[in-house]
Amino acid sequence: MAVVHLVSLDYYNIDRQPHITVNSSFCPTCPHQACLVTCPAECYTKDPERGVQFSYEACLECGTCRVVCDRGAVTWDYPRGGFGVGFRLA
Amino acid sequence: MSTAYDLVVVGAGPAGSTAALVAARSGLTVALLERGDHPGSKNMFGGVLHTHSLNEIIPRFYEEAPLERAITRRVINLVTDEASLALDFGHRKLARPPYNAFSIIRSRFDRWLAGKAQEAGALLLTRTVAQELIRGRSGAYEGVVLQDGTEIHAPVTICADGVNSLLAKKAGLRPPLRTDQLALGVKQTLALPPDVIEDRCGLQAGEGVDMIYIGSFTRGVGGGAFVYTNSRTLSVGVTLNLADLSRSRLRPEQVLELFLEEPRIAELVEGAAPREYSAHLIPEGGAHMVPTLAHHGVMLAGDSAGFVLNSGLNLEGANLAITSGRLAAETAVQAYLDGDLSAQSLGRYRTALEQSHVLADLHTFKGAHSFLANNRIYTTYPQTVASFIEEVITVGGTPKRRLHAIALDHLGKVGWRDALRDLVASRRYI
Ligand SMILES: Cc1cc2nc3c(=O)[nH]c(=O)nc-3n(C[C@H](O)[C@H](O)[C@H](O)COP(=O)(O)OP(=O)(O)OC[C@H]3O[C@@H](n4cnc5c(N)ncnc54)[C@H](O)[C@@H]3O)c2cc1C
Ligand code: SF4
Ligand code: SF4
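Residues numbered from 1 in each chain as written. Chains lettered and ligands numbered in written order. Predicted model: local features only at pLDDT ≥ 70, side-chain atom pairs only at ≥ 80, totals over all residues. Heavy atoms only, no water.

Q: Could you clarify how one ought to interpret the environment of A352 of chain B in this entry?
A: Residue and element names in this part refer to chain B. Mapped onto the elements of the fold, A352 is located in helix 11 (residues 348-355). A352 gets classed as partly exposed once you look at its relative accessible area, which sits at 22%. With 251 residues separating them in the primary sequence, A352 and A101 have C-alpha atoms 24 Å apart. (Helix = DSSP H or I, 4+ residues; strand = E, 2+ residues; numbered from the N terminus. Buried < 20%, exposed > 50% of the residue type's maximum accessible area, 1.4 Å probe, protein only.)

Okay, structure coming up:
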């Protein structure tokens with residue numbers, strides 16, 4: 001199943017303000033762009049101009065991008081209390 | 001709401017709720033903070049809870065806790081592109097109190113355990129994100145600041161905030177996480193009627209099985225897969241070393257898909273409805289990633305301290321979280337009795353952990369992490385074992401060879417030097 005279908009199974013309470021921001025000026029020259037392949041929610045996608053495009057809505061709050069990005073492009077925090085993903089069967 | 005407590009515990013996972021329960025029982029005033037809607041709503045794992053740690057704190061907890069199935073069988077599978085081999089262990093003892101392990105769903109279980117802490121007198125605050133530790137002028141930690149700026153003061157804080165532990169990280173109490181010391185777990189929860197689960201897995205009513213898989217479907221990425229039976233669902237997932245995964249350019253859900261396409265797994269999940277998709281990191285560095293555990297006014301427990309034991313065949317974290325939460329709380333209670341909350345006094349927490357299964361086991365298996373980083377375990381050896389067995393059991397009308405001749409031949413294909421080195425390493429490490 002594609003990631004869009006997988007995350008559509010999940011329950012989210014999406015905040016208006018993003019909990020993660022990405023300074024994509026680092027991305028075009030990033031040698032590994034590991035966020036693109038490792039983010040299990042596919043929040044990072046290839047962008048012809050900026051290298052990488054980020055959207056926070058489907059985030060599973062795992063912390064992977066926080067660790068794989070070694071260029072300081074990712075500012076990572078938890079969503080505000082009560083917002084974000086909510087697992088029921090995990 | 002009073003904002004001063006004897007103890008503030010950040011995170012209502014197994015480590016935090018246990019710490020809050022034990023401290024509240026001993027008469028400390030405790031605030032237990034949880035960022036999720038309710039305890040468990042942010043949490044995922046495989047998984048099974050091994051009973052021993054919680055049974056010490058809440059005797060016969062299995063009579064009241066929301067558990068899925070008593071695990072009565074354990075199956076270890078080696079999988080190659082074309083063959084599979086299983087070691088299937090079952091024991092009737094596992095079906096009787098005090099049991100060995102239960103499958104659980106965190107959203108239900110964590111909520112229940114936090115409820116036990118509340119019953120003991122702890123104040124649970126949900127939808128509450130601790131932003132940072134407060135450090136006093138003397139250098140001692142004095143509680144936490146919440147996301148909205150509210151301060152919660154306490155002479156002792158237990159960081160039980162999980163693998164990402166931003167609190168410990170921001171205060172510099174823990175070095176940054178490394179990709180080679182982490183595994184990414186992704187999982188699908190799939191619904192099936194209980195009798196179908198029992199039928200397909202060969203189980204008695206209410207009983208469950210814990211199945212792990214090592215082999216070629218990870219395409220050489222360190223890690224493996226699991227299937228756990230819940231009452232009405234199967235938890236099917238993969239755990240993948242993050243450094244290997246980044247290099248492999250495989251996506252995590254693709255590896256899970258490859259696993260689900262394995263013929264045996266496809267049969268097992270046929271007709272099952274996917275119900276949830278989840279992901280979480282696992283600290284897998286073992287003893288090597290355990291930081292300083294106590295400071296003036298702070299202790300780290302559970303995943304925030306890196307307490308996960310991955311011996312290759314067992315993945316234990318929830319039970320280590322529970323024991324470490326208990327020991328941190330007991331250390332705090334004793335420190336209050338002694339009237340000494342210094343780093344040295346709270347440092348007894350480490351000694352207690354060393355005397356418990358937590359640091360004792362992490363120490364015993366301290367070489368497991370580097371041993372498991374060897375990708376021959378995931379590719380070459382399953383293939384070797386499978387072809388050995390294939391030759392032994394295949395009846396082809398050609399003259400048979402003796403077992404040891406077959407074994408030597410197949411091991412020879414691995415390369416003697418590597419095989420010997422790995423054998424020695426396995427004795428030393430596992
Ligand atoms: C795929 C996978 C499979 C696993 N399988 C098993 C298994 O079969 N058996 C086993 O024993 N272990 C298993 N584990 C490991 C186990 O899940 C962990 O070791 C265990 O959950 C650790 O408990 P904890 O209380 O330390 O942390 P967590 O369970 O992560 O709890 C931390 C809590 O803190 C909260 N929190 C975090 N930051 C803040 C903050 N700033 N403010 C407020 N709240 C906060 C979180 O919402 C969460 O509720 C598995 C893990 C994974 C990922
Ligand atoms: S890893 Fe970091 S720098 Fe590299 S592409 Fe991703 S976000 Fe950009
Ligand atoms: S935290 Fe996990 S799910 Fe969220 S954006 Fe980062 S990698 Fe993706």
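So much for the structure itself; the text now carries on.
Q: Help me understand the nonpolar core, please; the structure alone is not making it clear to me.
A: Soluble, globular proteins show a tendency: their nonpolar side chains are buried together. The biggest cluster of nonpolar side chains holds 79 residues, and the ones touching the most others in it are L33, V144 and F307 of chain B. Take this core: its biggest share by element is 10 residues, from helix 9 (residues 318-338) of chain B. Once residues lying within four places of it in the same chain are set aside, the contact partners of V144 of chain B are V8, V10, L33, A130, E132, L133, I134, T150, E151, I152, T157 and L167 of chain B. In this structure, C35, C62 and C69 of chain A together with V186 of chain B belong to the second largest nonpolar core, which totals 72 residues. (Core = buried A, V, L, I, M, F, W, Y, C linked by side-chain atoms within 4.5 Å. Contact = heavy atoms within 4.5 Å.)

Q: Please explain the site of ligand 3 as it appears in this structure.
A: Taken together, 13 residues form the shell around ligand 3, and within it C39, C59, L60, C62 and C65 of chain A come nearest. Here the residues of the shell around ligand 3 are counted per class, giving 10 nonpolar, 2 polar and 1 charged. (Near = heavy atom within 4 Å. Nonpolar A, V, L, I, M, F, W, Y, C, P; charged D, E, K, R; others polar.)

Q: Teacher, can you tell me more about the confidence of the model for chain B here?
A: Regions with low pLDDT should not have their predicted coordinates read in detail. Confidence along chain B averages 93 in pLDDT terms, with 99% of residues attaining 70 or more. What the predictor reports for the complex is a pTM of 0.95 with an ipTM of 0.98. (pLDDT = per-residue confidence, 0-100.)

Q: Can you help me understand the site of ligand 2 in this one?
A: As a structural note, the neighbourhood of ligand 2 is formed by C27, C30, H32, Q33, C35, V52, C69, R71, A73 and V74 of chain A. The residue inventory of the shell around ligand 2, partitioned by class, reads 7 nonpolar, 2 polar and 1 charged.

Q: Would you take a moment to explain the packing of helix 9 of chain B against helix 12 (residues 357-364) of chain B for this structure?
A: Axes are the key here: two packed helices are described by the angle between their axes and the distance separating the axes. Residues and elements named next belong to chain B. It is the contact of helix 9 with helix 12, at a shortest axis distance of 9 Å, that shows an interaxial angle of 135°. By the criterion of interaxial angle, the relationship of helix 9 to helix 12 is oblique. Along the contact surface, helix 9 presents N319, L320, T323 and S324, while helix 12 presents H357, V358 and L362. (Axes fitted to C-alpha atoms, helices over the stretch in contact; angles between N-to-C directions. Parallel < 35°, antiparallel > 145°, perpendicular 65-115°, else oblique.)

Q: I keep staring at the packing of aromatic side chains and nothing clicks. Help me out?
A: The geometry of an aromatic ring pair is captured by the separation of the ring centres together with the interplanar angle, meaning the angle of the planes. With the rule as written, the count across this model stands at 10 aromatic pairs over all chains. Judged by centre distance (5.0 Å) and plane angle (75°), the rings of Y62 of chain B and Y99 of chain B are edge-to-face. One end of the pair, Y62 of chain B, is in the loop between helix 2 (52-57) and strand 4 (69-79); the other, Y99 of chain B, is in the loop between strand 5 (84-90) and strand 6 (101-103), and 37 residues separate them in sequence. Taking relative accessible area as the criterion, Y62 of chain B reaches 14% and is therefore assigned buried. An aromatic cluster of three or more residues is present, and its members are F61, Y62, Y99 and F102 of chain B. Positioned above the aromatic ring of W76 of chain A, the side-chain terminus of R66 of chain A is 5.7 Å from the ring centre. (Phe/Tyr/Trp six-rings, centres within 6.5 Å; stacked < 30°, edge-to-face > 60°. Lys NZ or Arg CZ within 6 Å of the ring centre and 35° of its normal.)

Q: Explain a nonpolar patch on the surface here, please?
A: Residue and element names in this part refer to chain B. Among the surface-exposed residues, L408, L411, W416, L420 and L423 lie close enough to one another that they form a single nonpolar patch of about 490 Å² accessible area. Among the secondary structure elements, those contributing two or more residues to the nonpolar patch are helix 15 (403-414) and helix 16 (416-429). A per-element tally of the nonpolar patch places helix 16 first, with 3 residues. Locating L420 in the fold gives a position in helix 16. (Patch = residues over 30% accessible without salt bridge, like charges linked within 9 Å, V, L, I, M, F, W, Y side chains within 5 Å. Areas by Shrake-Rupley, 256 points an atom, 1.4 Å probe, with all protein chains shown as cover. Salt bridge = Lys/Arg side-chain N within 4 Å of Asp/Glu carboxyl O.)

Q: Sorry, what's going on with the interface of chain A and chain B here?
A: Reports often express the size of an interface as the amount of accessible area lost when the parts come together. The interface is formed by 38 residues belonging to chain A together with 48 residues belonging to chain B. Counting the surface lost from both chain A and chain B, the interface buries some 3700 Å², and carbon and sulfur atoms represent 53% of this. Scanning the region where chain A abuts chain B turns up 4 salt bridges. For the pair chain A and chain B, the number of links is 23 residue pairs in polar contact (both at pLDDT 80 or more). Mapped onto the side of chain A that touches chain B, the elements with two or more residues apiece are helix 1 (3-7), helix 2 (34-38), helix 3 (64-68) and strand 6 (84-86) of chain A. When its residues are assigned to classes, the side of chain A that touches chain B shows 22 nonpolar, 9 polar and 7 charged. (Buried area = accessible area lost by both parts, 1.4 Å probe. Polar contact = N/O pair within 3.5 Å; in protein donor to acceptor, adjacent residues only side chain to side chain.)

Q: Explain the environment of A386 of chain B here, please?
A: Residue and element names in this part refer to chain B. Residue placement: A386 occurs in helix 14 (residues 380-393). For A386, a relative accessible area of 14% gives the class buried. When the C-alpha positions of A386 and L85 are compared, they lie 6.8 Å apart, and in sequence the two are 301 residues distant.

Q: I'm lost on the packing of helix 1 (residues 14-25) of chain B against helix 3 (residues 106-119) of chain B in this one. Help?
A: Residue and element names in this part refer to chain B. Contact pair helix 1 / helix 3: the axes reach a minimum separation of 8 Å and the direction vectors enclose 15°. The orientation of helix 1 with respect to helix 3, classified from their angle, is roughly parallel. Classified by chirality, the crossing of helix 3 by helix 1 is left-handed. Where helix 1 approaches helix 3, its residues P14, S17, T18, A20, L21 and A24 are matched on the opposing element by R106, D110, L113, A114, K116 and A117. (Left-handed = near helix turned anticlockwise from the far one by under 90°.)

Q: What exactly am I supposed to notice about the side chain of E68 of chain B here?
A: Residues and elements named next belong to chain B. Examined against the element boundaries, E68 turns out to sit in the loop between helix 2 and strand 4. A polar contact of 2.9 Å, which involves the side chain of E68, links it to the backbone nitrogen of S231. Those residues in contact with E68, other than ones at most four positions away along the chain, are S103, I104, I105, R108, N230, S231 and R232.

Q: What am I meant to see in the pairing of strand 5 of chain B here?
A: Successive residues of a regular strand alternate their side chains across the two faces of the sheet. Direction of pairing for strand 4 of chain B relative to strand 5 of chain B: antiparallel, over a ladder of 7 bridges. Bridge pairing in strand 5 of chain B places R73 of chain B opposite G90 of chain B. (Pairing = 2+ DSSP bridges.)

Q: Is there a simple way to explain the sheet that holds strand 11 (residues 156-159) of chain B in this structure?
A: All names here are of chain B. The mixed open sheet is built from 6 strands, whose spatial order is 7-2-1-11-18-17. Among the strands making up the open sheet, the edge pair consists of strand 7 (123-125) and strand 17 (294-295). Against the sheet, helix 9 contacts strand 11 and strand 18 (298-300), and its axis sits at roughly 175° relative to strand 11.

Q: Looking at this structure, how should I read the sheet that holds strand 10 (residues 151-153) of chain B?
A: Backbone-to-backbone hydrogen bonds pair the strands of a sheet. The strands run either parallel or antiparallel. Residues and elements named next belong to chain B. Within the open sheet, the 3 strands sit side by side as 8-9-10. Their pairing is antiparallel. The open sheet has two free edges, formed respectively by strand 8 (130-135) and strand 10, since each of these has just one partner strand. For this sheet, the mean angle separating the axes of adjacent strands, direction not counted, is 30°. Note: strand 9 (residues 141-146) against strand 10, 3 bridges, orientation antiparallel. When the bridges of strand 10 are listed, V145 appears paired with E151.

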